[in-house]
Amino acid sequence: MEQRKKRFSGADRYLYGTSYRTKWLYLRRKILSRVKGAIPRELWIGVTHRCQCNCVHCYVGSMLNRPAEELSGEELRRVIKNAKRLGFLDVCFLGGEPLLRGDITEIIRLASSMGLLTTIYTNGILVTRERARELKEAGLSFCCVSIDSAVAEEHNRLRGHAGCFEKATAGITYLQEAGIRCSIWTYAAKKDVKENGCRVLKDVIALGRRLGVLKVVILFPIASGKWMRCSENNLTLEERQRVRALVDPPFVALEFPWEDAKCVGGRRMLYLNAEGEAYPCPTVPYSFGNIRSEPLGTVIRRMQANFERPREEGCGECVMNRSSFRERLGMEDGRDKSGFMSGGDL
C-alpha cells in the first residue's frame, strides 16, 4: 500500500518544466518546514460566489449568487504575497465561476510572476480561444473544467445552463491549443454507480481521452452545500469500491483512492471564500478566522491545532459525510452555516 501511495507523490510538479522561481520556492519550503513546521502547500481561493450555472450539487450552497463583499484585488494580492512568504507553492482559483472576476487575469499574472503554480477551476463557459491565450500569457499553469456527463443535454440539465457542455468542451480544446495543461473534474452520482455500472463515469473518462486532457479526477458525493440535506447521495463502501475500480493512474484519479485515505483539508490545502473566511477545504463550512482581520499565519496555526482530530477520524471519503462530524458542527439539522461559524476546538 505504501509503495502505491509513493507513486502519486514527489517533486516533479515543481521541479520539471517550471521556472527557476518555482524550483526555488519548492526548495525553500523544504527548509522552512524543517525550521518552522509544515503548512499547507495549496491556497484555494473562492474569488466570487457568482456563477452562471445552478448546479444540483454546488458546494457554495446558499451563498451562490448572493451579494457579497468580495475580496478586493488589493486584498487578494496581499494574501497571495503572504502565502508565498509562508511557504505555499500553489494558488487555486475557484468560485462560483472565477472567470467572472474582471481582474482574475492580473491576479494570476502576479502569482505566476512570483513562482507560484496557478490553477483555475471553471465551468468553461467563458473560455474562448482569446481568453485561453490571455490566461496562458498571464502564466496559468493548469485549468480544471467540470464535466458532469458526456451527454450534452444531461450535463446542461445538471448545470442549469443551456449550452454549457458545448462551451466547456470547446474551452478544453482552446486551453490545450494555448498550451495550458487541462483536466476534467467530475463526480460519482449515486444512481450511476448503484444502477448503471458507472456508465456515466466511464463515458466521461472516454470523453477525456478523446479531448486529450491530462487526467480525469473523480469526486465522491459530499453532504455539503446544496447537498447538505442529501446524505442519501453518499456512496456505500461497496459503491466507493466500484468507483475505485475505474482508477487508472495517471489518467484517472480519485480524491480518496484508498479507504484509509485521510482528509487533506487544512494539511495540504487551505480554502478562503470570497469574503476572506478560512476553511480546511471548500466543502467543510467551518471558519477558523478571516484574513481581513488577522494574519494568514495565525489562521493556519489555529486550524492545525483544532482540525487534526476530525481529519484523522474521516477516512475513505469527506468528513462531511460522517454524522458524528456534522453533529459536532451543529449541522445535523441540515442547515448550511457556511461563512457564519467561528473557529474553535472541534
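Residues numbered from 1 in each chain as written. Predicted model: local features only at pLDDT ≥ 70, side-chain atom pairs only at ≥ 80, totals over all residues. Heavy atoms only, no water.

Q: How should the overall build of the chain be read in this particular structure?
A: Each helix and strand counted, the chain has 14 helices and nine strands in total. The C-alpha radius of gyration of the chain comes to 19 Å, within 12% of the 20 Å expected for a compact globule of 346 residues. A principal-axis box enclosing the C-alpha atoms of the chain has dimensions of 50 × 50 × 45 Å. Counting only residues that meet the buried cut, the chain has 54% of its 346 residues in that class. (Helix = DSSP H or I, 4+ residues; strand = E, 2+ residues; numbered from the N terminus. Rg over C-alpha atoms; globule rule 2.2 N^0.38 Å. Buried < 20%, exposed > 50% of the residue type's maximum accessible area, 1.4 Å probe, protein only.)

Q: How should I be thinking about the environment of tryptophan 44 in this particular structure?
A: With respect to the helices, strands and loops of the structure, tryptophan 44 is situated in strand β1 (residues 42–46). Spatially, the C-alpha atom of tryptophan 44 lies 9.7 Å from that of alanine 278, the residues being 234 residues apart in sequence. If sequence neighbours within four positions are ignored, tryptophan 44 has contacts with Cys92, Leu94, Tyr121, Trp185, Met269, Leu270, Tyr271, Leu272 and Pro282. (Contact = heavy atoms within 4.5 Å.)

Q: Just checking my understanding: could you explain the sheet that holds strand β6 (residues 215–219) for this structure?
A: The strands making up a sheet associate through hydrogen bonds between their backbones, and the pairing can be parallel or antiparallel. Strand order in this open sheet of nine strands is β7-β6-β5-β4-β3-β2-β1-β8-β9, and the pairing throughout is mixed. Of all the strands in the sheet, just β7 (252–254) and β9 (278–279) have a single pairing partner and so form its edges. The sheet contact formed by strand β8 (residues 269–272) and β9 spans two bridges and is antiparallel. Each bridged residue has a counterpart across the sheet, and for tyrosine 271 the counterpart in β9 is tyrosine 279. Packing against the sheet, helix α10 (residues 199–211) makes contact with β5 (181–187), β6 and β7, and its axis sits at approximately 170° to β5. (Pairing = 2+ DSSP bridges. Axes fitted to C-alpha atoms, helices over the stretch in contact; angles between N-to-C directions.)

Q: Teacher, can you tell me more about the pattern of salt bridges here?
A: Where charged atoms from two side chains of opposite charge approach closely, those side chains can pair. All chains considered together, the criterion is met by 22 salt bridges. Between aspartate 90 and arginine 13 there is a salt bridge, and its shortest N-O distance comes to 2.8 Å. A residue pair is termed long-range when its members are at least 10 positions apart, and aspartate 90 in strand β2 (residues 90–94) and arginine 13 in helix α2 (residues 12–15) qualify at 77 residues. The exposure class of aspartate 90 is buried, given its relative accessible area of 0%. (Salt bridge = Lys/Arg side-chain N within 4 Å of Asp/Glu carboxyl O.)

Q: Just to check I follow, could you spell out the pairing of β5 for this structure?
A: For a regular strand, side-chain orientation follows a simple rule: the groups alternate between the two sheet faces. Where burial is concerned, most of β5 is hidden: five out of the seven residues are buried. By the bridge criterion, five bridges tie β5 to β6 in an arrangement that is parallel. Across the sheet, serine 183 pairs through a bridge with lysine 215, a residue of β6.

Q: Looking at this structure, I do not really get the nonpolar core. What am I missing?
A: For soluble globular proteins, the rule of thumb is that nonpolar side chains tend to be buried together. Formed by 93 residues in total, the largest nonpolar core has its most connected members in Ile45, Ile80, Phe93, Ile120 and Val243. The biggest single contributor to this core is helix α5 (residues 104–113), with five residues. In this structure, Cys51, Met63, Leu64 and Ile125 belong to the second largest nonpolar core, which totals nine residues. (Core = buried A, V, L, I, M, F, W, Y, C linked by side-chain atoms within 4.5 Å.)

Q: I'm lost on unusual backbone geometry in this one. Help?
A: Most peptide bonds take the trans configuration, and most residues that are not glycine carry a negative phi. The omega torsion across glycine 95 and glycine 96 is 5°, close enough to zero to call that bond cis. A cis amide bond links proline 249 to the next residue, proline 250, at an omega of 5°. Within the secondary structure, proline 250 sits in the loop between α11 (237–244) and β7. Positive phi, close to 60°, is recorded for asparagine 65, a residue that is not glycine. Tracing the backbone through its elements, the reader meets asparagine 65 in the loop between β1 and α4 (73–86). One non-glycine residue with positive phi stands out, namely cysteine 198, at about 65°. Positionally, cysteine 198 belongs in the loop between α9 (190–195) and α10. Exposure remark for cysteine 198: the relative accessible area of 3% places this residue in the buried category.

Q: Explanation requested: the packing of aromatic side chains in the structure shown.
A: The geometry of an aromatic ring pair is captured by the separation of the ring centres together with the interplanar angle, meaning the angle of the planes. For the coordinates displayed, the defined rule picks out eight aromatic pairs. For the ring pair tyrosine 121 and tryptophan 185, a centre distance of 5.0 Å and an interplane angle of 90° mean the geometry is edge-to-face. With tyrosine 121 in strand β3 (residues 117–122) and tryptophan 185 in strand β5, this pair connects stretches of sequence that are 64 residues apart. A residue is classified by how much of its surface remains accessible, and tyrosine 121, at 17% relative accessible area, is buried. Put simply, the rings of Trp44, Tyr121 and Trp185 pair up and form one aromatic cluster. (Phe/Tyr/Trp six-rings, centres within 6.5 Å; stacked < 30°, edge-to-face > 60°.)

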